[in-house]
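The primary structure of each chain is shown beneath.
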Amino acid sequence: MTQEQQEVLFQQKVDNEIKIEARDWMPDDYRKTLIRQISQHAHSEIVGMLPEGNWITRAPNLRRKLILIAKVQDEAGHGLYLYSSAETLGITREEMYNQLLSGKAKYSSIFNYPTLTWADIGAVGWLVDGAAIMNQVMLCRTSYGPYARAMVRICKEESFHQRQGYESLLALSKGSEEQKEMLQDAVNRWWWPSIMMFGPSDNESTNSEKSMLWKIKRQSNDDLRQRFVDATVDQARILGVTLPDPKLKWNEERGHYDFGEIDWTEFWNVVKGNGPCNKERAEARNKAWNEGAWVREAAMVHADKKKNKAA
Ligand SMILES: [Fe+2]
Ligand SMILES: [Fe+2]
């Protein structure tokens, strides 16, 4: 079969909703795009553990501590499924991890913002996991089989993350004046970075068109962002908080909320490594990797011993 015939066959499969599997022929760019996207997604899960792990020892009570530990542990699991899924495309976990540690690979910029108060942990669950779900539900139907299957379980867990965040903010919203202020302050800081999570506007997003054709993604950045804003406004009302955007207003004609201009300078600045915590996150991951060297070595020695015994 010629390359061209293979490409036609591939696109037919995609159009007919037949999943592409690891051993199937695929265009080089499809493979590259997926490796980049899935590994970035995996890195985001692993780095995303840091801002929340920061509060485990300071959770206000045992129940909140248990929930937070479970959530952070889920994120580690998400990272592992996703690394495994990317490995089926022919990259090793070590290569991916080295790209993260050297700063060559990107992860979601949202995790370069600090979690300053306990309300931030609720806001991360509500807004950050909430935005992530909008993005990830469509990925359960992505054209690459191993990625789609990993996403099904991830989405179920993300939905728990969003709910626990909202529930913890609901408790603050019924608390003292000080707690209400802390809640409003967290929402003020997390709102804009959360809606930036959907990435650049459609007319500036370079990878979007091919990804839609290949059904890696099925909805555009701007559509997903709009859905998130529409869903969040009512939830904010119940919490009694004001979303920090004076232009946020229901548009009867469009049937959607209008919202203000996103500060893309800030977005690109954080992507390029100049966010409030970029350096700290990279250092934390490198430290964990270096301090874990003995565990990796011991595991290898143990595996060798077992193999020799069996032989
Ligand atoms: Fe996750
Ligand atoms: Fe999550």
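That block above? That's the structure.
Just so you know, the residues in each chain are numbered from 1, in the order the chain's sequence is written. Chain labels run from A onward and ligand labels from 1 onward, assigned in the order the entries are written. Note on the predicted model: pLDDT of at least 70 is required for a residue's local features to be given, and 80 or more for side-chain atom pairs to be given and counted; whole-chain, interface and lining totals, by contrast, use all residues. As a convention, hydrogens and water are excluded, and side-chain values are obtained from all of the structure's heavy atoms.

Asker: Is there a simple way to think about the coordination of the iron ion (ligand 2) in this case?
Answerer: Each metal site lists N, O and S donors within 2.8 Å (3.2 Å for Na, K and Ca). With water left out of the atoms, a site can look as if it is missing ligands. Protein ligation of the iron ion (ligand 2) involves Glu75 (OE), Asp129 (OD), Glu158 (OE) and His161 (ND1), the donor distances falling in the range 2.0 to 2.2 Å. Any site counts as irregular unless it has four donors with all angles between 85 and 135 degrees, making it tetrahedral, or four or six donors with opposite ones more than 155 degrees apart and the rest between 65 and 115, making it square planar or octahedral. Coordination at the iron ion (ligand 2) comes from four donor atoms whose angles at the metal span 86 to 160 degrees, giving a geometry best classed as irregular. Positions of the donor residues of the iron ion (ligand 2) along the chain correspond to the pattern E-x53-D-x28-E-x2-H. The distance between the iron ion (ligand 2) and the iron ion (ligand 1) comes to 3.4 Å, and Glu75 binds to both of them. Placement of the pair is Asp129 in helix 5 (residues 118-137) and Glu158 in helix 6 (residues 145-173), with a sequence separation of 29 residues. Buried, partly exposed and exposed residues are distinguished by accessible area as a fraction of the type maximum, computed with a 1.4 Å probe on protein chains only: under 20%, between the cut-offs, and over 50%, respectively. On the basis of relative accessibility, which here comes to 2%, the residue Glu158 falls in the buried class. Helix numbers and strand numbers start at the N terminus; a helix is a DSSP run of H or I with at least 4 residues, a strand a run of E with at least 2.

Asker: Looking at this model, I keep getting lost on the nonpolar core. Mind explaining?
Answerer: Considering soluble globular proteins, one finds that nonpolar side chains tend to be buried as a cluster. Counting 74 residues, the largest nonpolar core has Tyr30, Trp126, Tyr144 and Trp190 as its most contacted members. Residues contacting Trp126, with those up to four places away along its chain left out, are Gln162, Gly165, Tyr166, Leu169, Val187, Thr232, Gln235, Ala236, Leu239, Val241 and Leu243. By nonpolar core is meant a set of buried Ala, Val, Leu, Ile, Met, Phe, Trp, Tyr and Cys residues that side-chain atoms within 4.5 Å join together. Every residue pair with non-hydrogen atoms within 4.5 Å of one another is taken to be in contact.

Asker: What am I meant to see in the packing of aromatic side chains here?
Answerer: A ring pair, where both rings are aromatic, is described by two values, the distance of the centres and the angle of the planes. Only the six-membered ring of Trp is used, alongside the rings of Phe and Tyr, when aromatic pairs are assigned; centres must lie within 6.5 Å, and planes under 30 degrees apart are stacked while those over 60 apart are edge-to-face, with the rest tilted. One pass over the full model with this rule turns up 13 aromatic pairs. Where Trp264 meets Phe267, the ring centres are 5.2 Å apart and the plane angle is 85 degrees; that geometry is what we call edge-to-face. Separated by three residues within a single helix, Trp264 and Phe267 lie in helix 10 (residues 264-274), roughly one turn from each other. Given the relative accessible area of 11%, Phe267 is considered buried. Of the aromatic side chains, those joined through ring pairs into one cluster are Phe10, Trp25, Tyr30 and Trp214. Lying across the ring of Trp55, Arg58 places its NZ or CZ 3.9 Å from the centre. Two conditions define a charge located above a ring, namely a distance within 6 Å from the ring centre to NZ of Lys or CZ of Arg, and an angle within 35 degrees of the ring normal. Lying over the aromatic face of Trp289, Arg296 brings its terminal NZ or CZ to 3.5 Å of the ring centre.

Asker: What should I look at first to understand empty space enclosed by the protein in this one?
Answerer: The probe, sized like a water molecule, is rolled over the atoms to show the empty space still left. Think of a 1 Å grid over the protein atoms and nothing else: a 1.4 Å probe that fits but is trapped marks a cavity, an open set flanked by protein within 12 Å on at least five of seven lines marks a pocket, and residues with an atom within 4 Å of a point count as lining. Grid points are joined across faces, edges and corners, and a volume is the space filled by probe spheres set on the points. Summed over all chains, the structure comprises one cavity of 30 Å³ or more. Lining the largest cavity, in full, are Arg64, Ile67, Leu68, Trp118, Ile121, Gly122, Gln164 and Ser168. Looking at the lining of the largest cavity, the elements with two or more residues in it are helix 3 (62-87), helix 5 and helix 6. Its residues assigned to classes, the lining of the largest cavity shows four nonpolar, three polar and one charged. In this count, Pro and Cys sit with the nonpolar residues alongside Ala, Val, Leu, Ile, Met, Phe, Trp and Tyr, while Asp, Glu, Lys and Arg are called charged and the others, Gly among them, polar.

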